[in-house]
Amino acid sequence: KAVVSTQSTGEGKIIVPGNFALTCLNLNNNGIGDMGITYLYKALHFQENSTMKRGVKGLLRLTLKNNKFDQEGRHYSELVDIMTRRDPFYEQPIIEEDQSNLTAQT
């Protein structure tokens, strides 16, 4: 059960101050469609460009299995990109050098 102590609205926006502690969010099996992905992308993009610049870590892991959105969609791809950079366990793939043009020296 979520408790929001001071929620207010203004200029068409919902303002929930003070909760920057959510680090993992599981939204599996929630029937999220393309519009929901767009809203998630916009929220995380906002978080990345505002609160994270002040040192607040924000959401680090997001799971979205078994939903109704298009996995080829632009906002989903950008959302994956944002979350991949945030995941504390993500390791960038090692790119191996092309060894075909090297010759052995004897």
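For the structure itself, look to the data block above.
Fair warning: this is a prediction, and the values are worked out from it, not measured in the lab. (Residues numbered from 1 in each chain as written. Predicted model: local features only at pLDDT ≥ 70, side-chain atom pairs only at ≥ 80, totals over all residues. Heavy atoms only, no water.)

Undergrad: Help me understand the packing of helix H1 (residues 34-49) against helix H2 (residues 74-86), please; the structure alone is not making it clear to me.
TA: A pair of packed helices is characterised by two quantities: the angle between their axes and the separation of those axes. It is the contact of H1 with H2, at a shortest axis distance of 9 Å, that shows an interaxial angle of 40°. The pairing of H1 with H2 is recorded here as oblique in orientation. Considering the relative orientation of H1 and H2, their crossing is left-handed. Along the contact surface, H1 presents Ile37, Thr38, Leu40, Tyr41, Leu44, His45, Gln47 and Glu48, while H2 presents His75, Tyr76, Glu78, Leu79, Ile82, Met83, Arg85 and Arg86. (Axes fitted to C-alpha atoms, helices over the stretch in contact; angles between N-to-C directions. Helix = DSSP H or I, 4+ residues; strand = E, 2+ residues; numbered from the N terminus. Parallel < 35°, antiparallel > 145°, perpendicular 65-115°, else oblique. Left-handed = near helix turned anticlockwise from the far one by under 90°. Contact = heavy atoms within 4.5 Å.)

Undergrad: I keep staring at the pattern of salt bridges and nothing clicks. Help me out?
TA: Think of it this way: side chains of opposite charge can pair up when their charged atoms draw near. Scanning the model with the defined rule gives four salt bridges in all. The closest approach of N and O atoms between Glu48 and Arg85, which form a salt bridge, is 2.8 Å. Of this pair, Glu48 sits in helix H1 while Arg85 is found in helix H2, placing the two residues 37 residues apart along the sequence. Residue Arg85 is classed as partly exposed on the basis of its relative accessible area, which comes to 49%. Note that Arg85 and Asp81 form a salt bridge whose closest N and O atoms lie 2.5 Å from each other. One end of the pair is Arg85 and the other is Asp81, both in helix H2 and four residues apart, which spans about a single turn. Residue Asp81 is classed as partly exposed on the basis of its relative accessible area of 41%. (Salt bridge = Lys/Arg side-chain N within 4 Å of Asp/Glu carboxyl O. Buried < 20%, exposed > 50% of the residue type's maximum accessible area, 1.4 Å probe, protein only.)

Undergrad: Where do I start with the nonpolar core in this structure?
TA: Counting 14 residues, the largest nonpolar core has Ile37, Leu44, Leu62, Leu64 and Leu79 as its most contacted members. Counting only elements with at least two residues in this core, the list comes to H1 and H2. Excluding its chain neighbours within four sequence positions, the residues that come into contact with Leu79 are Ile37, Leu40, Tyr41, Leu44, Leu62 and Leu64. (Core = buried A, V, L, I, M, F, W, Y, C linked by side-chain atoms within 4.5 Å.)

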